[in-house]
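# Commentary on secondary and tertiary structure
So the chains spell out like this:
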Number of protein chains: 4
Amino acid sequence: MNFRSDNESPAAPEILEALQAANAGHAYAYGEDEITSRMKGRFRETFETDLEVFPVATGTAANSLSIAQLAPAYGAVFCHHEAHLHADECGGPEFYSGGAKVIPLSGDLAKICPRTLQAAVAKMEEMGVHESQPSAVSLSQATELGTVYKPDEIREIAGIARGREMGLHMDGARLANAVQRLGCTPAELTWKAGIDILSFGATKNGAMAAEAVVVFNRERAMGLARRHKRAGHLFSKMRFMSVQLEAYLKDGLWLQLAERANRAADALSAGLGRLGGVEILYPVEANEVFVKMPPPLADGLKEAGYEFHLWPGSRDHYRLVACFATRVDAVNAFLAKARQLSDGLP
Amino acid sequence: MNFRSDNESPAAPEILEALQAANAGHAYAYGEDEITSRMKGRFRETFETDLEVFPVATGTAANSLSIAQLAPAYGAVFCHHEAHLHADECGGPEFYSGGAKVIPLSGDLAKICPRTLQAAVAKMEEMGVHESQPSAVSLSQATELGTVYKPDEIREIAGIARGREMGLHMDGARLANAVQRLGCTPAELTWKAGIDILSFGATKNGAMAAEAVVVFNRERAMGLARRHKRAGHLFSKMRFMSVQLEAYLKDGLWLQLAERANRAADALSAGLGRLGGVEILYPVEANEVFVKMPPPLADGLKEAGYEFHLWPGSRDHYRLVACFATRVDAVNAFLAKARQLSDGLP
Amino acid sequence: MNFRSDNESPAAPEILEALQAANAGHAYAYGEDEITSRMKGRFRETFETDLEVFPVATGTAANSLSIAQLAPAYGAVFCHHEAHLHADECGGPEFYSGGAKVIPLSGDLAKICPRTLQAAVAKMEEMGVHESQPSAVSLSQATELGTVYKPDEIREIAGIARGREMGLHMDGARLANAVQRLGCTPAELTWKAGIDILSFGATKNGAMAAEAVVVFNRERAMGLARRHKRAGHLFSKMRFMSVQLEAYLKDGLWLQLAERANRAADALSAGLGRLGGVEILYPVEANEVFVKMPPPLADGLKEAGYEFHLWPGSRDHYRLVACFATRVDAVNAFLAKARQLSDGLP
Amino acid sequence: MNFRSDNESPAAPEILEALQAANAGHAYAYGEDEITSRMKGRFRETFETDLEVFPVATGTAANSLSIAQLAPAYGAVFCHHEAHLHADECGGPEFYSGGAKVIPLSGDLAKICPRTLQAAVAKMEEMGVHESQPSAVSLSQATELGTVYKPDEIREIAGIARGREMGLHMDGARLANAVQRLGCTPAELTWKAGIDILSFGATKNGAMAAEAVVVFNRERAMGLARRHKRAGHLFSKMRFMSVQLEAYLKDGLWLQLAERANRAADALSAGLGRLGGVEILYPVEANEVFVKMPPPLADGLKEAGYEFHLWPGSRDHYRLVACFATRVDAVNAFLAKARQLSDGLP
């Protein structure tokens, strides 16, 4: 059983079926097709507002394009040091923006601390032209440690951003998990809380490969269509991207898939937390469980065929990720095995 | 019936089936899966050499990444002025390379004239540091006018490139059509003729969305893995990209699909060429037919539901594109209609 | 005697004296000094308007920064194919803009033809997102062939630019020569005719090394201060740049220097034009003379110690450039030698 | 008296005289002149090795060009978080490199700690293509806190860099001060210790505006001439840049000027250190004194006409910078005033 990452999960059957259905004859290219129109409508419905959507191949592309819209080449973007934007995109945002600076901040539970943000922005502004221009803030929702920002927390950061004419981006690679967990509407968690541009993720939660840049603040969309094209993310057979996103949003599928993942994570967390010598490191607010456990226990589980990552830089912190396809019986079997191994440890 | 572009065609059933089959459980992300290994092996077999393959979302990405590998930011790349690279990528190569110059050249039948190339390179070199460094040449195979470069023609250009330490790129968005038409091996048309990097296209010829950068000259691959990632083209669920390419190459499917498209283009060309006042503009060497016809004839066909493009900048030059899914009976019906309309014209 | 280029001339004595005088004790860095304030005032007076000035080290920097202000990374800038911007900056504009496309246009006497411009812009717009966004036009004043745009000609091009929301740039590396020749005011030749940003050149006409980006349209100045800094053109000891520009503009020195250069060019042109087999190729409207002459005549002059360039790509077209330091007696001696040699030719 | 920064100092008289002398008639442009040849020879002599020199307008340009030579767009460069490269160039290195990441490290006395460096590089390497490629390390000599790296310290860092095929850069904006202080040869402090590329500063220590990129490792010079040009730092009237550098190196002028600055800093440090409530914060190893003093004392000195900076982010840390033009009597007067004010404080 693979608990390594939700990006190693399969595609949801509903999405593959939709793909199959979309393959009927010719369709206009580059998004001029009907499926793409429908998909856009679905986004507007889901987020209860007018908005623009640009499907892209990967989360790296979504994040990098978003940042290029918010930060000029001479700008700076602030994010948590754990953020993908800073630590996992191989400089994608720097590339797309033409050399903007990504400024990593510290903060508990992988969330940006408003005071830290304010101080970092103020320090940069004091330098005038000798430093980049504070231009954007980026939040990961859910965060890299499986926690989530509540609407109030987002609003507080949005207030700081707005006061400095900075844009606010959300990396929503796991947005579905956060929305499902918080029980608020997608709108409440994004534009109503001050988000200008969203990286909307579907791949980790059931799509084959479909992410999107969603622009709530239309003033921020200038030039995006051309950036999208020249970066190589304007698909000719766009319908096959669009149909994944359409099916994902249809009838709340995305939240149902997320619910399965979140429930599985809860079960993992509850079960592991009961074992001696095991500690759940952070609140499980999405579909990831970070757990401190004795390496012999981890090794035993791996030998039994369970896969999960040791957290980089640590010796006994492990990450387990659930997904829509994680079956309840698999979780139970895993926990039974863990209990058995744990009992056998000195 | 849609003769507008082969990028408006559906996906081949074989490819959708392979996708379905690939959706079994978890698989390692970012290309560490078995399907990707198999796909790479298939490329090496097909091209009869060791090589590196990087799947990407679009042809724009394949071309732009390829150019960034061959031309430094202070370099220049030479191509025909009709080439996608210059005229249809919204500056993708300039973006990926960090500002290399794309130098458009003239030449009959959308092919680079070796003498023109030599003169342009020499003129640039004469300028020393006041001009960019001649770094690469890019050929479109098939060309934007539906013609093809023969191996000897490629070799001649490769000779010029090599003499100046320039790299040679092939935009193979329609490579299958060219290989099928010329009856030579993929190797003969690429690395054996001097190609360093190939944009391998599958989308126009049956894939859902799958292109690849193929590097024959491994010295030219340095840094490509990271460029690929930061541009947002390293798919997490890579298996779904890889399986399209694998199925495409398996048992010669790509050439069978191309043959259908080429045959349909031949039939269109033969039928239209027989009509009065109609002129086939260029040799039909792939799956595209460029035809001069009286606008009333074109209008009549459009009214009858046939779709095709007026060539930009012209008043009576039209392009018809066939694809693997173009049925023989549809072509016959189209030609019958054309004959009927043509007979009725004054 | 050197007629190769005005950029091989010395600095004017007035400018060196001003430099010496500026070297009194400490002064605030990065342009916070009094000389810089005075220099800015002098620019505002000279151009009779409020404006912003950013001194830079070279004309390449002035042009590249200007273009980066007018064209986004996904934009295109149109210029004559002889323009420095396209042919002599080693891709500087592409670098500074993050990969904008520079589109070379044809046109008589190295001037952009309005109709050609209009057609090129229209063709690009038709391509939508598949091509870059038409964003700027750049004029060289004087042109690379020593001709000048009259205010009406600039206004016509400005009209086209404005209709498409494109910015208008002037490469004024030899602006002084044009202003002096046309007898109009600097304002009439720039912002009053529709110029948004000017590359103001002083180096070729008496400065040691001082050029400036002058922004008339303040909306176009956003971010320029930071681009200027990060490109390495914000001098710490700015006063030494500023004082060159201040002295250059003071009491009309720049136009007096230009007048000497223009008069010398006139004398060269008049004298050479009288020789048999010699043809003045273009109107001499600044300080450059393009002349067709028998190579033996050119060779004889070179043997006699006169230096000038054969025009790239030609066999008997030569360029002679006069400057403020070209003495009347040197011109007379040159012409006497030319007459003597010409008389001796078969 | 101005103790704010050595970049607010005047030019040394010897350098202005050399400029005056260089202004004799025409000279070939773009570095083809004799003065430039002589200047290059002087660099080779001074550093006792073959090398390449590219004069540039500012330290920002020298640093940014150097980094672009060492780090590809997908690379990362490590430096101390106080380094100009990271904190004062408005993203210049990111711009010139096309989006390389600058990774700030901690370390005492503004010097990179080898262990910290090693850990940061190892962590990045572990991420594979998900992170940038460790490509370069940059040292500031002297550092931003007025300390210096000894040859052994540089060698240790060079060893780490070399083991990972990373390049080693030195920001030598105050190299003269370090060389003078350490009493070693310029070679010992640079290439003999493992430096590949040096930003050679002259502006802070007597030049009007002259810095240079010095490449010791010729393999690292590829493409630099064109980068230099397209960034707008290839001066047409190069002789005026070159002559400043030539005069600066001639007869050891640069070290004599640095000695004056260092001695003045020593005197400041010694005098201030004797006052009650005043603390010298770091060893004075170049020409900068960082001092903690009661704000009323600082205020009194400022009222008396002495200028110096409060260190950003602090309430009672001040920086005083001496330069070649700081007179002994001015230092004495300043110290007398400080003593008088200090005695009067409660």
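The numbering scheme is per chain: residues are counted from 1 as the chain's sequence reads. Chain letters start at A and ligand numbers start at 1, both assigned in the order the entries are written. Only residues with pLDDT of at least 70 are given local features in this predicted model, and only at 80 or more are side-chain atom pairs given and counted; all residues enter the totals for whole chains, interfaces and linings. Computation of side-chain values: all heavy atoms of the structure, hydrogens and water removed.

### A few points about the side chain of Glu 246 of chain B
Residue and element names in this part refer to chain B. The test is simple: Secondary structure follows DSSP: runs of H or I at least 4 residues long count as helices, runs of E at least 2 residues long count as strands, and numbering of each begins at the N terminus. Think of it in three bands: with a 1.4 Å probe and only protein chains considered, a residue is buried below 20% of the maximum accessible area for its type, exposed above 50%, and partly exposed in between. Residues count as neighbours in contact if any of their non-hydrogen atoms are within 4.5 Å of one another.
Among the structural elements, Glu 246 can be located in helix α11 (residues 239–249). Overall, Glu 246 belongs to the buried group, its relative accessible area being 7%. If near-sequence neighbours (up to four positions away) are discounted, Glu 246 is found in contact with Ile 35, Arg 38, Met 39 and Arg 42.

### Describing the packing of helix α12 (residues 253–273) of chain C against helix α14 (residues 328–344) of chain C
Residue and element names in this part refer to chain C. The criterion, for reference: Fitting a line to C-alpha atoms yields each axis, with helices limited to the stretch in contact; the angle taken between N-to-C directions then spans 0 to 180 degrees. An angle counts as roughly parallel when it lies under 35 degrees, as roughly antiparallel when it exceeds 145, as roughly perpendicular when it falls between 65 and 115, and as oblique in every other case. Left-handed describes a crossing whose near helix is turned anticlockwise from the far helix through less than a right angle; right-handed describes the clockwise counterpart. Polarity classes work like this: nonpolar for Ala, Val, Leu, Ile, Met, Phe, Trp, Tyr, Cys and Pro, charged for Asp, Glu, Lys and Arg, and polar for all others, with Gly in that last group.
Two elements in contact, α12 and α14, have axes separated by 10 Å at closest approach and are oriented at 15°. As summarised for this structure, α12 and α14 are arranged roughly parallel, according to the angle between their axes. Note that α12 runs across α14; the crossing there is right-handed. Judged by residue contacts, Ala 264, Ala 267, Leu 268, Gly 271 and Leu 272 of α12 engage Val 331, Phe 334, Leu 335 and Ala 338 from α14. A class-by-class count of the residues in the contact of α12 with α14 yields 8 nonpolar, 1 polar and no charged.

### Observations regarding the domain arrangement of chain A
All names here are of chain A. What counts here: Marked domain ranges trace back to an automatic or database domain assignment. Any Lys or Arg side-chain nitrogen located within 4 Å of an Asp or Glu carboxyl oxygen qualifies as a salt bridge. Residues adjacent in sequence count toward polar contacts only when both atoms are side-chain atoms; beyond that, a polar contact is any pair of N or O atoms within 3.5 Å, and within protein one must be able to donate a hydrogen and the other to accept it.
By domain assignment, chain A separates into domain 1 (12–250) and domain 2 (254–343). Averaged C-alpha coordinates put domain 1 and domain 2 at centres separated by 28 Å. Facing 25 residues of domain 1, the contacting portion of domain 2 comprises 20 residues. The interface formed by domain 1 and domain 2 includes 2 salt bridges. Ionic pairing is found between Asp 266 and Arg 181, a salt bridge with its closest N-O pair at 2.9 Å. Linking domain 1 to domain 2 there are 13 residue pairs in polar contact (both at pLDDT 80 or more).

### As for the sheet that holds strand β5 (residues 167–172) of chain D
All names here are of chain D. Going by this rule: Two strands qualify as a pair provided DSSP detects at least 2 bridges between them.
Across the sheet, which stays open at both edges, the 7 strands sit in the order β1-β7-β6-β5-β4-β2-β3 with mixed pairing between neighbours. The outermost strands of the open sheet, each flanked by one partner alone, are β1 (52–56) and β3 (101–105). This sheet shows a mean twist of 20° between the axes of neighbouring strands, independent of strand direction. Helix α6 (residues 114–126) rests against β2 (75–80), β3 and β4 (133–140) of the sheet, and its axis sits at about 160° to β2.

### Focus on the interface of chain A and chain D
Operational definition: A simple way to read buried area is as the amount of 1.4 Å-probe accessible surface that goes missing from two parts once joined, with both sides added.
At the junction of the two partners, chain A supplies 20 residues and chain D supplies 20 residues. Taking both partners together, chain A and chain D bury about 1,500 Å²; carbon and sulfur atoms supply 48% of that area. Together, Cys 90, Glu 94 and Lys 101 of chain A form the three largest contributors to the area buried by chain A at its contact with chain D, with a combined 32%. Linking chain A with chain D are 2 salt bridges, by the criterion used here. A salt bridge links Lys 101 of chain D to Glu 94 of chain A; the shortest N-O distance between them is 2.8 Å. Going through the elements one at a time, α4 (84–87), α5 (92–97) and β3 (101–105) of chain A are the ones with two or more residues in the side of chain A that touches chain D.

### Remarks on the pattern of salt bridges
The final tally for this structure, using the stated rule, is 76 salt bridges over all chains. One continuous salt-bridge network, built from bridges that share partners, spans Asp 6, Arg 174, Glu 288 and Arg 319 of chain A.

### Some points on the relation of the copies chain A and chain D
Between the two copies of this chain, the relationship is a rotation about some axis together with a displacement along it. What counts, and what does not: We superpose the copies by least squares over the C-alpha atoms of residues that have a pLDDT of at least 70 in both of them.
Least-squares fitting of chain A to chain D yields an RMSD of 0.0 Å, with the superposition described by an axial translation of 0.0 Å and a rotation of 180°. Viewed as a symmetry operation, the transformation between the two copies matches a two-fold axis. Residue Gly 99 of chain A, judged by its C-alpha, is the member of chain A lying nearest the rotation axis, at 2.2 Å.

### Some thoughts on the sheet that holds strand β7 (residues 211–215) of chain C
Residues and elements named next belong to chain C. The 7 strands lie next to each other as β1-β7-β6-β5-β4-β2-β3, forming an open sheet whose pairing is mixed. In the strand order of this sheet, the two ends are held by β1 (52–56) and β3 (101–105), each with one partner. Shown here is a sheet whose adjacent strand axes are inclined to one another by a mean of 20°, direction ignored. In this sheet, strand β4 (residues 133–140) lies alongside strand β2 (residues 75–80) in parallel orientation, the contact comprising 5 bridges. The residue bridging Ala 76 from the neighbouring strand is Pro 134, located in β4. Set on the sheet, helix α7 (residues 151–163) makes contact with β4 and β5 (167–172); between it and β5 the angle comes to about 145°.

### A closer look at the packing of aromatic side chains
The condition that has to hold: Two rings from Phe, Tyr or Trp (for Trp, the six-membered ring) form a pair when their centres sit within 6.5 Å of each other. Planes less than 30 degrees apart are called stacked, planes more than 60 degrees apart edge-to-face, and all others tilted. By definition, being over a ring means that NZ of Lys or CZ of Arg is both within 6 Å of the ring centre and within 35 degrees of the ring normal.
All chains considered together, the criterion is met by 63 aromatic pairs over all chains. Taking 6.3 Å as the distance between ring centres and 5° as the angle between the ring planes, the aromatic pair formed by Phe 43 of chain D and Phe 47 of chain D counts as stacked. With Phe 43 of chain D and Phe 47 of chain D both in helix α2 (residues 34–47) and 4 residues apart, this pair spans about one turn of that helix. Phe 47 of chain D shares its class with Phe 43 of chain D; the two are buried. One aromatic cluster is present, formed by Phe 43, Phe 47, Phe 200, Phe 216, Tyr 248 and Trp 254 of chain A through successive ring pairs. Taking NZ or CZ as reference, Lys 302 of chain A lies 5.1 Å from the ring centre of Phe 308 of chain A, over its face. Against the face of Tyr 28 of chain A rests Arg 4 of chain B, its NZ or CZ located 4.0 Å from the ring centre.

### Focus on the environment of Arg 227 of chain B
Here Arg 227 of chain B shows up in helix α10 (residues 224–230). Put simply, Arg 227 of chain B and Ala 68 of chain B are 159 residues apart on the chain and 8.5 Å apart in space, counted from C-alpha to C-alpha. Arg 227 of chain B has contacts with Leu 65, Ala 68, Gln 69 and Tyr 96 of chain B together with Ala 73 and Tyr 74 of chain D, leaving out every residue within four places of it along the chain.

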